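Summary of the model geometry
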Amino acid sequence: QVQLVESGGGLVQAGGSLKLSCRASESIASFYAMGWYRQTPDKPRELVAVIVRGSNSRYGDSANGRFAISKDNAQNTVYLQMSALKPEDTAVYYCYALRKGVAEEDEYDYWGQGTQVSVSS
């Protein structure tokens, strides 16, 4: 059973920064992809950032150069550094991981519990 433990959320003023952490219960090198999504009550879950195959980073439209995803394999941890935060960044941020089985069609998704990020104007 894979567990993803998130931390780093909180309240910050507009223009400020936060760094989110997601620590996995096992080697993050075993995942095909790891990253971050966010969700508000009135919007569907939205991709924020993802690392695919351990090295290729992709960002959602909302990042707009303000966010950076990174990882520390030794700590089994993926990070999301957020800067120049705006009130519209307020959301619950979820860590996720994707593992593929031997068969290409076998996929396993894992989610963290979410961490609240609130940006005040």
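Because the structure is predicted, anything quoted here is derived from the model rather than measured. (Residues numbered from 1 in each chain as written. Predicted model: local features only at pLDDT ≥ 70, side-chain atom pairs only at ≥ 80, totals over all residues. Heavy atoms only, no water.)

1. Overview of the overall build of the protein
Which entries qualify depends on this criterion: Numbered from the N terminus, helices here are DSSP runs of H or I no shorter than four residues, and strands are runs of E no shorter than two. Two things to know: the radius of gyration comes from C-alpha atoms, and the globule rule equals 2.2 Å times the number of residues to the power 0.38. Per-residue accessibility, obtained with a 1.4 Å probe over protein chains only, is compared with the maximum for each type, and a residue is labelled buried under 20%, exposed over 50%, and partly exposed between these values. Whether two residues touch is decided by their heavy atoms; if any such pair falls within 4.5 Å, the residues are in contact. Values of accessible area rely on a 1.4 Å probe in the Shrake-Rupley scheme; residue burial ignores everything except the protein chains shown.
When helices and strands are counted, the protein shows zero helices and 11 strands. Traced from its N-terminal end to its C-terminal end, the protein shows the element sequence β-β-β-β-β-β-β-β-β-β-β. Here the C-alpha radius of gyration of the protein, 14 Å, is about what a compact globule of 121 residues would show, namely 14 Å. The dimensions of the protein, computed from C-alpha atoms along their principal axes, are 50 × 30 × 25 Å. Scored against the burial criterion, the 121 residues of the protein give a buried share of 42%. Residue pairs at least 24 apart in sequence account for 55% of intrachain contacts in the protein once pairs closer than 6 positions are excluded. Total accessible area computed for the protein in this model is approximately 6,700 Å², and 45% of it derives from carbon and sulfur atoms.

2. Side note on the pairing of strand β6 (residues 56-59)
Strand residues, when the strand is regular, have side chains that alternate between the two faces of the sheet. We apply this condition: Any two strands with at least two DSSP-identified bridges between them are counted as paired.
Relative to β6, strand β5 (residues 43-52) is paired through four bridges, and the arrangement is antiparallel. Paired with Ile51 across the strands is Ser57, a residue of β6. Hairpin connection from β5 to β6: three residues lie between these consecutive antiparallel strands, with Arg53 at a positive phi of about 55°.

3. A few points about the pairing of strand β1 (residues 4-7)
Only one face of β1 is covered, namely the face carrying Leu4 and Glu6; the face carrying Val5 and Ser7 is uncovered. Judged from the four bridges that link them, β1 and strand β3 (residues 18-24) form a sheet pairing that is antiparallel. Counterpart to Ser7 in the pairing with β3 is Ser21.

4. What to know about the pattern of salt bridges
A side chain with one charge can pair with a side chain of the opposite charge if their charged atoms come near. As a reminder, the rule being used: Every case where a carboxyl oxygen of Asp or Glu lies within 4 Å of a side-chain nitrogen of Lys or Arg is listed as a salt bridge.
Scanning the model with the defined rule gives four salt bridges in all. Glu46 is the partner of Arg38 in a salt bridge, and the nearest nitrogen-oxygen pair spans 3.1 Å. By relative accessible area, Arg38 is classed as buried at 8%. One connected set of salt bridges, linked through shared partners, spans Arg38, Glu46, Arg66 and Asp89.

Such coordinate-based values are descriptive only and should not be taken to indicate function.
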